[in-house]
Amino acid sequence: MTTHEVLLELSSGSRVLIGSELEDIPAANVIATRWKALAEERPNELHETMPGSGVAVRGAAIVAIKAQLTPKAGTMAGMLKVPRDGSWL
């Protein structure tokens with residue numbers, strides 16, 4: 001089964017997952033549209049990315065929203081392509 005995910009790109013250059021294992025494009029669009037509204041209507045508030053994630057994003061920090069197919073595990077697209085040593089922020 002093909003699933004979709006939705007990510008936010010932030011002004012810092014980082015990306016945050018806000019929806020995963022979505023069954024179809026309309027489901028991804030619902031999440032993307034909700035976050036677009038949060039960024040426009042409540043830019044100075046913090047918004048939790050996914051329930052229980054503990055990750056909060058200020059609406060004004062959102063510069064892009066992207067929906068895409070979920071990368072398949074075990075493929076190059078599904079692997080982290082950054083060095084794993086050093087400090088993670």
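Residues numbered from 1 in each chain as written. Predicted model: local features only at pLDDT ≥ 70, side-chain atom pairs only at ≥ 80, totals over all residues. Heavy atoms only, no water.

**Thoughts on the pairing of strand β1 (residues 4–10)**
Here comes step 1: In terms of burial, β1 is largely enclosed, as six of its seven residues are buried.
Here comes step 2: Count of turn residues in the β1/strand β2 (residues 15–22) antiparallel hairpin: four residues, of which Gly 13 carries a positive phi of about 95°.
Here comes step 3: For β1 and strand β5 (residues 62–69), the ladder comprises seven bridges, and the chain directions are antiparallel. Looking at β5, one finds that Leu 8 is bridged to Ile 65. (Buried < 20%, exposed > 50% of the residue type's maximum accessible area, 1.4 Å probe, protein only. Helix = DSSP H or I, 4+ residues; strand = E, 2+ residues; numbered from the N terminus. Pairing = 2+ DSSP bridges.)

**Points about the pattern of salt bridges**
Here comes step 1: Taken as a whole, this structure holds three salt bridges when the rule is applied.
Here comes step 2: For the salt bridge of Glu 9 with Arg 15, the shortest nitrogen-to-oxygen distance reads 3.8 Å.
Here comes step 3: On the basis of relative accessible area, Arg 15 is assigned to the exposed category, the value being 58%.
Here comes step 4: Here Arg 42 ties to Glu 45 by a salt bridge, and the two come within 2.9 Å at their closest N and O atoms.
Here comes step 5: By relative accessible area, which is 37% here, Glu 45 ends up partly exposed. (Salt bridge = Lys/Arg side-chain N within 4 Å of Asp/Glu carboxyl O.)

**Here we look at the side chain of Thr 49**
Here comes step 1: Note that Thr 49 resides in the loop between β3 (46–48) and β4 (56–58).
Here comes step 2: According to the relative accessible area criterion, Thr 49 is buried, its value standing at 5%.
Here comes step 3: For Thr 49, the contacting residues outside a window of four places in its chain are Val 16, Leu 17, Ile 18, Trp 35, Val 55 and Val 57. (Contact = heavy atoms within 4.5 Å.)

**Quick notes on the environment of Leu 69**
Here comes step 1: Along the chain, the position of Leu 69 falls in strand β5.
Here comes step 2: When its relative accessible area of 53% is taken as the criterion, Leu 69 is described as exposed.
Here comes step 3: For the pair Leu 69 and Leu 22, spaced 47 residues apart in the sequence, the C-alpha separation amounts to 9.1 Å.
Here comes step 4: In contact with Leu 69, other than residues within four places in its own chain, are Thr 2, Thr 3, His 4 and Glu 5.

**Section: the environment of Glu 41**
Here comes step 1: With respect to the helices, strands and loops of the structure, Glu 41 is situated in helix α1 (residues 25–41).
Here comes step 2: Among the residues examined, Glu 41 registers a relative accessible area of 62% and is labelled exposed.
Here comes step 3: Remark: the alpha-carbon pair of Glu 41 and Gly 59, spanning 18 residues in sequence, is separated by 8.4 Å.

**What to know about the nonpolar core**
Here comes step 1: Grouped together as the largest cluster of nonpolar side chains are 15 residues, with contacts concentrated most on Val 6, Leu 8, Leu 10, Trp 35 and Ile 62.
Here comes step 2: For this core, the elements supplying multiple residues, two or more each, are β1, β2 and α1.
Here comes step 3: The residues touching Trp 35, leaving out its near neighbours within four places in the chain, are Leu 8, Ile 18, His 47, Glu 48, Thr 49, Ile 62 and Ile 65. (Core = buried A, V, L, I, M, F, W, Y, C linked by side-chain atoms within 4.5 Å.)

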